[in-house]
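If you want the building blocks of each chain, they are given just below.
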Amino acid sequence: MPMSLDAVRARFEADNASLLPRVQAFLADILRTPASHARFMNELSLMEHMGSHKIMATQHGAGMDQPTLKHLAEEARHAFFFKRHAEGVARRPMDYVQADLLSPAAGRLYFQKLDIALEQALVGEPPRSKVLYLHMSLIIEFRAVWFYNHYDAALRQAGSKISLKSLLAEEQGHLADMADRLAALNAWDPDRLLAMCRTETDLFGTLLGRLERAIAPPAPLAA
Ligand SMILES: [Fe+2]
Ligand SMILES: [Fe+2]
């Protein structure tokens, strides 16, 4: 019997255990400084927006089905959710520009490199194919569910009124949905997925490093 979604998720958790203290420290830091927290949420908004834009750009056309439209609508709403909260915390409008973000280049690089890695792992799949879209989405949903769970816990701990509960429920729904749709296309391959998740975890580690540096206080000038 092939490995289930829960089993793949448990491996993902285990492979990410060493990153957890860094993520928790980063989240605690960011929540202490409203200006940084606003920029971070604006960056999450940008990443959700890039995700929804990618679905629109690759899946539009005759084969656009109901689950894909639902996914697109929900990712677009997540971009709105984070933009609204970012501007609420900053008390001003924020653009997707360097001054209003933490490290936009790092987020863009993360998506681009993941895209290339998955295209290479699924050699022969056309760039706009459903199988490629479902893999890319599934791998990102593992990260989204993992990260937003820890982010929500950090928000609770900081006494924030912002809750990720409904957003998390949607991301969890996407995770299960992508797995079902891959299975329906006979494309559920847990070993291949685990290898993709490990690539993603490396890329996330790099992204985290850039975000950590973006909020680090400037080094004191040498005397
Ligand atoms: Fe999302
Ligand atoms: Fe999602």
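As a reminder, the structure under discussion sits directly above these lines.
Residues numbered from 1 in each chain as written. Chains lettered and ligands numbered in written order. Predicted model: local features only at pLDDT ≥ 70, side-chain atom pairs only at ≥ 80, totals over all residues. Heavy atoms only, no water.

**A short note on the coordination of the iron ion (ligand 1)**
- Taken together, the protein ligands of the iron ion (ligand 1) are Glu-48 (OE), Glu-48 (OE), Glu-75 (OE), His-78 (ND1) and Glu-171 (OE), with distances of 2.0 to 2.6 Å.
- Counting along the primary sequence, the residues that act as donors to the iron ion (ligand 1) give the motif E-x26-E-x2-H-x92-E.
- If you look at the iron ion (ligand 1) and the iron ion (ligand 2), they sit 3.6 Å from each other and are both ligated by Glu-75. With Glu-48 in helix α3 (residues 34-59) and His-78 in helix α4 (residues 66-90), the pair connects residues that are 30 residues apart, well separated along the chain. (Donors = N, O, S within 2.8 Å, 3.2 Å for Na, K, Ca; no water. Helix = DSSP H or I, 4+ residues; strand = E, 2+ residues; numbered from the N terminus.)

**Brief notes about the pattern of salt bridges**
- For the structure shown, the criterion picks out 11 salt bridges.
- Between Glu-200 and Arg-143 there is a salt bridge whose closest N-O contact spans 2.8 Å. Of this pair, Glu-200 sits in helix α8 (residues 190-215) while Arg-143 is found in helix α6 (residues 130-157), placing the two residues 57 residues apart along the sequence. Across the pair, exposure class does not vary: Glu-200 and Arg-143 are buried alike.
- One salt bridge connects Asp-152 with Arg-156, and the closest N-O pair in it is separated by 2.9 Å. A residue pair is termed a helical-turn pair when its members lie 3 or 4 positions apart in one helix, as Asp-152 and Arg-156 do in helix α6 at four residues.
- Here Arg-156 falls in the partly exposed class, since its relative accessible area comes to 39%. (Salt bridge = Lys/Arg side-chain N within 4 Å of Asp/Glu carboxyl O. Buried < 20%, exposed > 50% of the residue type's maximum accessible area, 1.4 Å probe, protein only.)

**A closer look at the packing of aromatic side chains**
- Across all of its chains, the model carries 11 aromatic pairs by this definition.
- Here Phe-81 and Phe-82 contribute two aromatic rings whose centre-to-centre distance is 5.1 Å and whose plane-to-plane angle is 85°, an arrangement assigned as edge-to-face. Per residue, the accessibility class of Phe-81 equals that of Phe-82, and both read buried.
- Here Phe-82 and Tyr-148 contribute two aromatic rings whose centre-to-centre distance is 5.5 Å and whose plane-to-plane angle is 35°, an arrangement assigned as tilted. Separated by 66 residues along the polypeptide, Phe-82 in helix α4 and Tyr-148 in helix α6 bring together distant segments of the chain. (Phe/Tyr/Trp six-rings, centres within 6.5 Å; stacked < 30°, edge-to-face > 60°.)

**Re helix α7 (residues 165-184)**
- Between its terminal C-alpha atoms α7 stretches 29 Å, which fits the 28 Å expected from 20 residues at 1.5 Å a residue.
- If you check which residues of α7 are buried, you get Leu-167, Leu-168, Glu-170, Glu-171, His-174, Leu-175, Met-178, Ala-179, Arg-181 and Leu-182.
- Next to the buried residues of α7 lie α1 (5-15), α3, α4 and α6.
- Phi turns positive one or two residues past the end of α7, at Asn-186, with a value near 60°. (Expected span 1.5 Å × (residues − 1). Contact = heavy atoms within 4.5 Å.)

**Here we look at the side chain of Ser-52**
- On the secondary structure map, Ser-52 appears in helix α3.
- The contacts of Ser-52, once residues within four sequence positions are left out, are Leu-72, Glu-75 and Ala-76.

**Description of the coordination of the iron ion (ligand 2)**
- Looking at the iron ion (ligand 2), the protein donor atoms are Glu-75 (OE), Glu-141 (OE), Glu-141 (OE), Glu-171 (OE) and His-174 (ND1), and they sit 1.9 to 2.8 Å from it.
- We note that the donor set of the iron ion (ligand 2) lies within a single chain, spaced as E-x65-E-x29-E-x2-H.
- The buried category is assigned to Glu-75, whose relative accessible area is 5%.

**A look at the nonpolar core**
- Counting residues in hydrophobic clusters, the biggest one holds 62 residues, and the most contacted among them are Phe-40, Phe-82, Leu-138, Phe-147, Tyr-148, Tyr-151 and Phe-204.
- Among the secondary structure elements, those contributing two or more residues to this core are α1, α2 (20-32), α3, α4, α5 (104-121), α6, α7 and α8.
- The leading source of residues in this core is α6, at 16 residues. (Core = buried A, V, L, I, M, F, W, Y, C linked by side-chain atoms within 4.5 Å.)

**Digging into the packing of α1 against α8**
- Remark: α1 packs on α8, axes separated minimally by 10 Å, with the N-to-C direction vectors making an angle of 25°. Classified by the angle their axes make, α1 and α8 are roughly parallel. As for the relative orientation of α1 and α8, their crossing is right-handed in sense. On α8, the residues touching Val-8, Arg-11, Phe-12 and Asp-15 of α1 are Pro-190, Leu-194, Cys-197, Arg-198, Glu-200 and Thr-201.
- Grouping the constituent residues of the contact of α1 with α8 by class yields five nonpolar, one polar and four charged. (Axes fitted to C-alpha atoms, helices over the stretch in contact; angles between N-to-C directions. Parallel < 35°, antiparallel > 145°, perpendicular 65-115°, else oblique. Left-handed = near helix turned anticlockwise from the far one by under 90°. Nonpolar A, V, L, I, M, F, W, Y, C, P; charged D, E, K, R; others polar.)

**A look at α6**
- The terminal C-alpha atoms of α6, which comprises 28 residues, lie 40 Å apart, in line with the 40 Å expected from a rise of 1.5 Å per residue.
- Measuring from the side-chain oxygen of the N-cap residue of α6 to the backbone nitrogen of Val-131 gives 3.4 Å; that N-cap residue is Ser-129.
- Looking at the residues trailing α6, positive phi occurs at Gly-159, about 75°. (Polar contact = N/O pair within 3.5 Å; in protein donor to acceptor, adjacent residues only side chain to side chain.)

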